[in-house]
Every structure is written in C-alpha cells, then in structure tokens.
Amino acid sequence: MMDLRFTTLFLKNMIMIQFHNLTIEISDYFMYDEVNRQRIFPNKENFMRKVIKKVTLLVVICFIATSLFGCEKQMGKQESLATGNIQISYIDVGQADATLIQGNDFNILIDAGNKADSQLMIDFLQKKNVNKIDIAVGTHAHEDHVGGFPEILKAFECDTFYISNTTSSSKIYESLLDVLDDRNISVRIPDVGEELTLGDINIKFYGPLKKYKDLNDSSIILKLTHGNNSYLFTGDAESGVEKELIKKWGNQLKSTVYQAGHHGSSTSNSSQFLKKISPQTVIISSNKEDAPRYGHPHIETLDLLKSLNIQLYRTDKQGTVILTDDGNHYTIQTEKEYSGNLYKK
C-alpha cells in the first residue's frame, strides 16, 4: 500500500514538472523582444521535436498514473470475480454465523449474525457489491443466526428466504417474520433432498430430517457444490442429528470444506461425522471475547481436527475468511494474520 502511494505521488509530481516544462517551451517559442518590438521565433524544427518529445513523455506518465490511481482507489473494495468462479466469505460476526456466497450473477446469504451485527453486515454486503440477495437461509431461529436479517432485508431486495420447520416466539424471530411479510419475500421450508441450481452451483438440502423440539437440532443442513468442490453447512445441529444424517445420507455428506457445527462445540462435530465428511478444510466461526461464556471452540473439537490433519481457519483469530473457488481449486485469504497455533484455545 505504501509503495503504491509513494509511486502515485511521484508520478503526480512528474506530471506537474513535465507540464510546466512544456508550458515554458511553448512560451519561449512565442517570446517577445521588447527592444525591437517583435516576436522571436526560434528554429521551428527544433521546437516541434522538443514539444513532441515532452508531450509523448507527458502522455506516457499520465497513462501509468491513471492506471495506478485506479488501483489505489479500488483497494479494499470487491474485485469482480472471474467467469465461473465463486467466492465464499465466512464473515467475522463474533459468537454467531454469517456466510456470503457469490457468483457472477447471484448472491446467497446463509445466516446473518446477531441483531447487533446488522450494520456490520449491511456494510460488508455493500462492500461486496451486493444489490440483491437471491437466496437467504436462516438455518434456525436463534438470534446469533437470524438476528441481523430484519435490517438486512430492509436494506436489500431478496427473492427467496428459507427457514427451518421449527419456529420461535422470540422478539427477534417475530421481527424477522414481520419483515418477510412486509417485503413480500417468498418464504420456504426446504424439503429433505430438495435441490436447486443457481449459476454454476448446485444446492441440496439434507435436513432437518424431521421436526425437533430443540432449535439447534432443527437447523437447516445444506451442501453447496461447485465443480469438483463442495461446502457443507449444518448450523448448530448436534451429534444426535449428525448420526441421523450419516444413516440417511452416508457418503453423500463428503465435502471439501465444512463450516464447523455450533461454532466448534464438542456437542457437535463428532469424530464419526467428521470422518464421514472427510473435509480438507474446516472453518470455525466464534468469538474469543465470549469464550468464558460458551468456551467455543471447544478444545475437544480442536484436538480432533488436529488428529485428523484437517486444515483449520478461525474467525476469532483470523477475522473474516474469504475462499475463492474456480471449480477445481480454491484459495483462502484471511482478514488478519495469525502466527499462533490455531488448534489451541
């Protein structure tokens, strides 16, 4: 960043100097002799050669400067995706979940953090050039997953909103339902095994398999597939549900990247489930500030991930995690650098 700013400042100064020199050259050509009261015209050929040289140099400097100024202006803003690529942002919303999936012509938002994260989420979506949300998913009715949705849905158009089959009487959930109604957004409870295609991706809903009393277990389970890569989201579903998913879906659960269930809790992410998914990479969304209250991610989960040699990323240590996928390979960038051991608390 500093090198670019220094270069652009240098080029701006060069443009001013060259423009000044060109002005002097032209002024000299039309110099007026006050003694003899007449114009002095130097050798026209030499004059034109000098002017062309200076104009050419000025044009080249302006072209370089314009390119660099544009780069400097766009820093920190969303770059356009290459055709066929998708980008998945595991957004740092503390002790909550929010994941944005973007393609060239679609935006999907899975969960939206707490109510207190509403403005943070709106700012992030705007930074990512989101104009409309094609599909929104509230995995279950707890505030740390749907709390940000009411304000987000007021700020952005949304085509379809998927909700779990178990509702809540909480104030924030009632507020969400009101906004969905006011904005005339299509609301759906996904069928088990339902599939849909959006751009280059396929989405399949693996759960909830039935109606549960517990809101965590009622989480929508979905898998997103893009080319040879796949991404599994299980909300806060716990180990009992994980066993049912294994029995129902077996090897279909295998995924390239898995967002750890329930913020890395040991009540989810069982050894049997992780082995069945067999992910290359796991992302944990949690907040170290809330560690004394919830203890997420639990050390048992971290130890298990390490023993299975699974690559780990954590929003509590690295901030927002952004994955870019071309259908064959994926790369990951993090908001913050972290040199410590991610498998330790």
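Note that this is a predicted model, so its numbers are computed, not measured.

Quick notes on the rules
- Residues numbered from 1 in each chain as written.
- Predicted model: local features only at pLDDT ≥ 70, side-chain atom pairs only at ≥ 80, totals over all residues.
- Heavy atoms only, no water.
- Salt bridge = Lys/Arg side-chain N within 4 Å of Asp/Glu carboxyl O.
- Helix = DSSP H or I, 4+ residues; strand = E, 2+ residues; numbered from the N terminus.
- Buried < 20%, exposed > 50% of the residue type's maximum accessible area, 1.4 Å probe, protein only.
- Pairing = 2+ DSSP bridges.
- Axes fitted to C-alpha atoms, helices over the stretch in contact; angles between N-to-C directions.
- Core = buried A, V, L, I, M, F, W, Y, C linked by side-chain atoms within 4.5 Å.
- Contact = heavy atoms within 4.5 Å.
- Phe/Tyr/Trp six-rings, centres within 6.5 Å; stacked < 30°, edge-to-face > 60°.
- Arc of directions from axis to C-beta.
- Polar contact = N/O pair within 3.5 Å; in protein donor to acceptor, adjacent residues only side chain to side chain.

A. Region of interest: the pattern of salt bridges. By the definition in use, this model includes six salt bridges. For Lys132, the salt bridge identified is with Asp159, shortest N-O distance 3.1 Å. Taken together, the residues Lys132 in strand S6 (residues 132-138) and Asp159 in strand S7 (residues 157-163) connect sequence positions 27 residues apart. In this structure Lys132 comes out as partly exposed when scored by relative accessible area, which is 28%. Overall, the relative accessible area of 38% leaves Asp159 in the partly exposed class. Across the pair Lys154 and Glu151 runs a salt bridge, and its minimum N-O distance is 3.2 Å. Of this pair, Lys154 and Glu151 both sit in helix H5 (residues 149-155), three residues apart, which is roughly one turn of the helix. What you see here is one network of salt bridges that share partners, running through Lys132, Asp134 and Asp159.

B. The pairing of strand S17 (residues 330-334), seen in detail. As paired elements, strand S16 (residues 321-325) and S17 share five bridges and run antiparallel to each other. Among the inter-strand pairings, Val321 is bridged to a residue of S17, identified as Thr334. Connecting the antiparallel pair S16 and S17 is a turn made up of four residues, with Gly327 showing a positive phi of about 100°.

C. Fine view of the sheet that holds strand S4 (residues 98-103). Pairing in this open sheet of eight strands is mixed, and the strands run S8-S7-S6-S5-S4-S3-S16-S17 from one edge to the other. The outermost strands of the open sheet, each flanked by one partner alone, are strand S8 (186-188) and S17. Strand-to-strand twist in this sheet, taken as the mean axis angle between neighbours without regard to direction, amounts to 15°. Pairing of strand S5 (residues 106-112) with S6 involves three bridges; the strand directions are parallel. Bridge pairing links Ile108 to Ile135 in S6.

D. The nonpolar core, seen in detail. If you look at the biggest cluster of nonpolar residues, it comprises 29 residues, and the most contacted ones within it are Leu109, Ile133, Phe149, Ile152, Leu153 and Phe161. Elements with a contribution of two residues or more to this core: S4, S5, helix H3 (118-127), S6, H5, S7 and helix H6 (171-182). Dropping the residues within four chain positions of it, Ile152 is found in contact with Leu109, Ala112, Met121, Ile122, Leu125 and Ile133. Counting residues in hydrophobic clusters, the runner-up holds 27 residues, among them Ile203, Leu224, Val257 and Ile332.

E. Quick look at the sheet that holds strand S13 (residues 257-259). Strand order in the open sheet made by the seven strands is S9-S10-S11-S12-S13-S14-S15, with mixed pairing throughout. Each edge of the open sheet carries a strand with a single partner, namely strand S9 (195-198) and strand S15 (311-314). Here the strands of the sheet are splayed against their neighbours by 20° on average, with no regard to which way each runs. Of the pairings in the sheet, the one linking strand S11 (residues 221-226) to strand S12 (residues 229-233) comprises five bridges and is antiparallel in character. Within S12, the position partnered with Leu224 by the bridge is Tyr231.

F. Quick look at the environment of Ser265. Position of Ser265 relative to the elements: it lies in the loop between S13 and helix H8 (271-277). With relative accessibility at 2%, the residue Ser265 sits in the buried group. The sequence separation of Ser265 and Thr301 amounts to 36 residues, and the corresponding C-alpha distance is 6.7 Å. Excluding anything up to four places from it in sequence, Ser265 contacts His296, His298 and Thr301.

G. View of the packing of aromatic side chains. Enumeration over the complete set of coordinates arrives at five aromatic pairs. Their ring planes at 80° and their centres at 4.8 Å tell us that Phe149 and Phe161 sit as a pair that is edge-to-face. Note that Phe149 is positioned in helix H5 and Phe161 in strand S7, a separation of twelve residues in sequence. As far as burial versus exposure is concerned, Phe149 and Phe161 are alike and both buried.

H. Spotlight on H3. Of the positions making up H3, those classed as buried are Ser118, Met121, Ile122, Phe124 and Leu125. With its buried residues spanning 165° around the axis, H3 presents them on a single face. Those residues of H3 that are buried lie in contact with strand S3 (86-90), S4, S5, S6 and H5. Downstream of H3 by a residue or two, Asn129 has a phi angle that is positive, lying close to 60°.

I. Quick peek at the side chain of Ser285. Secondary-structure assignment places Ser285 in the loop between strand S14 (281-284) and helix H9 (291-294). Side-chain polar atoms of Ser285 contact the backbone oxygen of Ala96, separated by 2.6 Å. Within the structure, the side chain of Ser285 is placed 3.4 Å from the side chain of Asp97, a separation counted as a polar contact. Residues in contact with Ser285, not counting those within four places in the same chain, are Ile91, Gly94, Ala96, Asp97, Gln259, His263 and Thr315.

J. Structural view of the side chain of Asp144. With respect to the helices and strands, Asp144 occurs in helix H4 (residues 143-146). Judged by its relative accessible area of 15%, Asp144 is buried. Here His263 takes part through its side chain, which lies 3.1 Å from a polar atom of the side chain of Asp144. Setting aside anything within four residues of it in sequence, one finds Asp144 in contact with Gln95, Ala96, Asp97, Gly113, Asn114, Asp236 and His263.

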